[in-house]
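Fold and contact review
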Amino acid sequence: MSAPILQLSQVTKSFGTNTALAGISLEVNPGEVLCLLGDNGAGKSTLIKVLSGVHKPSSGTVAVDGAVTTFNSPKDASALGVATVHQYGGTFPLMSVSRNFFVGREPTKGFWPFRRFDKKTANEVSVAELQKLGITRVTDGNRLAGSLSGGERQSLAIARAVYFGARVLILDEPTSALGVKQSTHVLRLIMHARAQGIAVVFVTHNVTHAMAVGDRFAVLIHGKKADDFRKGERTREQITDLMAGGEAMAELEAELAELTGPIRTR
């Protein structure tokens, strides 16, 4: 197995007296899909922000290619190949597809001080990259991103990240607001990225979607890693039960039974 691209060791993140993450250790490997599972408030969002350079850990280390590093900003993470795609891809609805694709990295033509946006190149590249991902109905880069479906906007953001050399692709709840058909397309994109050797971190609370594409899984509960396992080592029911706190409920019911005795019905 290849060495991890991204590795977290005992990462803790606190905001004042509130501990959002406690002792999280994870490895993100090339050509693998790591699914981060957890209910609302489990710490997924904070962990994403640590991975993408928005937050610095309060303690613990982040390593890229085995070398401990510090992300001072998302720009630092991006420079090392860590790209984050948020729900709907973080696209700008009133900007064109090509402008969204190249935002911050616009191709230009002409000479200073008359350099200008190379619209023709941007349109051709953005449409070609989208069609590689199966978005064949987008044939005009001038089309507004807001006219795309949720799945197509996710595709646009993923195509952009891959085109600009992402080695780690962090997808934050990419299927949570999508229908069945659009969700299926996004899951196919995840498998496509994995086949290209990209490490994918798929953040979700949807166990079915995670099990469809995941190679490894980590379950977060209240900022702690409750479980860490590979594909096939847990059933869907076991994962769902763990995320819902089923083990804690079972322990509580056992304690109540000891204190009160069995419940009798008339």
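What this report covers is the structure whose coordinates are included nearby. (Residues numbered from 1 in each chain as written. Predicted model: local features only at pLDDT ≥ 70, side-chain atom pairs only at ≥ 80, totals over all residues. Heavy atoms only, no water.)

**Some thoughts on the packing of aromatic side chains**
Defined as follows: Stacked, edge-to-face and tilted are the three classes for Phe, Tyr and Trp ring pairs, Trp counted by its six-membered ring, which pair at centre distances within 6.5 Å; planes under 30 degrees apart are stacked, over 60 edge-to-face, the rest tilted. Helical segments are the DSSP runs of H or I of at least four residues, strand segments are the runs of E of at least two, and each set is numbered from the N terminus. Counted as over-ring charges are cases with an Arg CZ or a Lys NZ within 6 Å of the ring centre that also lie within 35 degrees of the ring normal.
Across all of its chains, the model carries seven aromatic pairs by this definition. Residues F101 and F164 carry aromatic rings whose centres are separated by 6.2 Å and whose planes lie at 40 degrees to one another, so their mutual orientation is tilted. Separated by 63 residues along the polypeptide, F101 in helix α3 (residues 97-102) and F164 in the loop between α5 (150-163) and β9 (168-172) bring together distant segments of the chain. Each ring, one from F217 and one from F229, has its centre 5.3 Å from the other, and the planes form 15 degrees; the classification is stacked. Within this pair, whereas F217 is found in strand β11 (residues 216-221), its partner F229 is found in strand β12 (residues 224-230), the two being separated by twelve residues in sequence. Lying over the aromatic face of F15, K13 brings its terminal NZ or CZ to 5.1 Å of the ring centre. One cation-aromatic arrangement involves R105 over F164; the distance from NZ or CZ to the ring centre is 4.5 Å.

**A short note on unusual backbone geometry**
Note the following rule: Whether a residue is buried, partly exposed or exposed follows from its accessible area with a 1.4 Å probe, protein chains only, as a fraction of its type maximum: under 20%, in between, or over 50%, in that order.
In the segment running from W112 into P113, the intervening peptide bond is cis, with an omega of 5 degrees. By secondary structure assignment, the location of P113 is in the loop between β7 (108-109) and β8 (116-117). In this structure, E173 takes a positive phi of about 50 degrees despite not being glycine. Within the secondary structure layout, E173 lies in the loop between β9 and α6 (180-195). If you check the backbone angles, H222 has positive phi at about 50 degrees while not being a glycine. Relative to the helices and strands, H222 resides in the loop between β11 and β12. What makes H222 exposed here is its relative accessible area of 67%.

**Points about the sheet that holds strand β5 (residues 67-69)**
Stated precisely, the cut-off is as follows: When DSSP finds at least two bridges between two strands, those strands are taken to pair. An axis is simply a line fitted to the C-alpha atoms; with a helix, the fit covers only the stretch in contact. Between two such axes, the angle follows the N-to-C directions and lies from 0 to 180 degrees.
In spatial order, the strands read β2-β1-β4-β5; together these four strands make up an open sheet with antiparallel pairing. Only two strands of the sheet have a single neighbouring strand rather than two, namely β2 (18-28) and β5. In this sheet, neighbouring strand axes are inclined to one another by 30 degrees on average, regardless of whether the strands run parallel or antiparallel. With seven bridges joining them, strand β1 (residues 6-15) and β2 adopt antiparallel strand pairing. Note on β2: the bridge partner recorded for L8 is L26.

**Some words on the sheet that holds β9**
Taken in spatial order, the six strands line up as β6-β9-β10-β3-β11-β12 in an open sheet, and their pairing is mixed. This sheet does not close on itself; its edge strands, each paired only once, are β6 (82-85) and β12. With direction set aside, neighbouring strand axes in the sheet form an average angle of 15 degrees. Strand direction decides the pairing type here: β11 and β12, joined by six bridges, are antiparallel.

**Considerations on the nonpolar core**
The following threshold applies: Joining through side-chain atoms within 4.5 Å is the link that ties buried Ala, Val, Leu, Ile, Met, Phe, Trp, Tyr and Cys residues into a set, and such a set is a nonpolar core. Any two residues whose heavy atoms approach within 4.5 Å at even a single point are treated as in contact.
Judged by nonpolar contacts, the single largest core of 41 residues is most densely connected at L169 and I190. For this core, the element with the highest residue contribution is α5, accounting for five residues. Those residues in contact with I190, other than ones at most four positions away along the chain, are V33, L171, V200, F202 and V213. L26, I48, L51 and F71 belong to the second-largest nonpolar core, a separate cluster that totals 27 residues.

**Some thoughts on the packing of α5 against α6**
Formally: We call two directions roughly parallel when the angle between them is under 35 degrees, roughly antiparallel when it is over 145, roughly perpendicular when it lies between 65 and 115, and oblique otherwise. A crossing counts as left-handed when the near helix is turned anticlockwise from the far one by less than a right angle, and as right-handed when that turn is clockwise. Polarity classes work like this: nonpolar for Ala, Val, Leu, Ile, Met, Phe, Trp, Tyr, Cys and Pro, charged for Asp, Glu, Lys and Arg, and polar for all others, with Gly in that last group.
Put simply, α5 and α6 touch, their axes get as near as 8 Å, and they point 15 degrees apart. Viewed along their axes, α5 and α6 adopt a mutual orientation that is roughly parallel. Here the hand of the crossing between α5 and α6 comes out right-handed. Residue-level inspection shows G150, G151, Q154, S155 and I158 of α5 in contact with α6, the latter providing Q182, H185, V186 and L189. Looking at the contact of α5 with α6 residue by residue, the class counts come to three nonpolar, six polar and no charged.

**Topic: the pattern of salt bridges**
Here is the rule: Criterion for a salt bridge: a side-chain nitrogen of Lys or Arg within 4 Å of a carboxyl oxygen of Asp or Glu.
The tally for this structure, following the rule as stated, stands at ten salt bridges. Linking E152 and R137 is a salt bridge whose minimum nitrogen-to-oxygen distance equals 2.4 Å. Residue E152 is located in helix α5, and its partner R137 is located in the loop between α4 (119-132) and α5; the two are separated by 15 residues in the primary sequence. E152 gets classed as buried once you look at its relative accessible area, which sits at 9%. K225 serves as the salt-bridge partner of D228, at 3.0 Å between the closest nitrogen and oxygen. Among the residues examined, D228 registers a relative accessible area of 35% and is labelled partly exposed.

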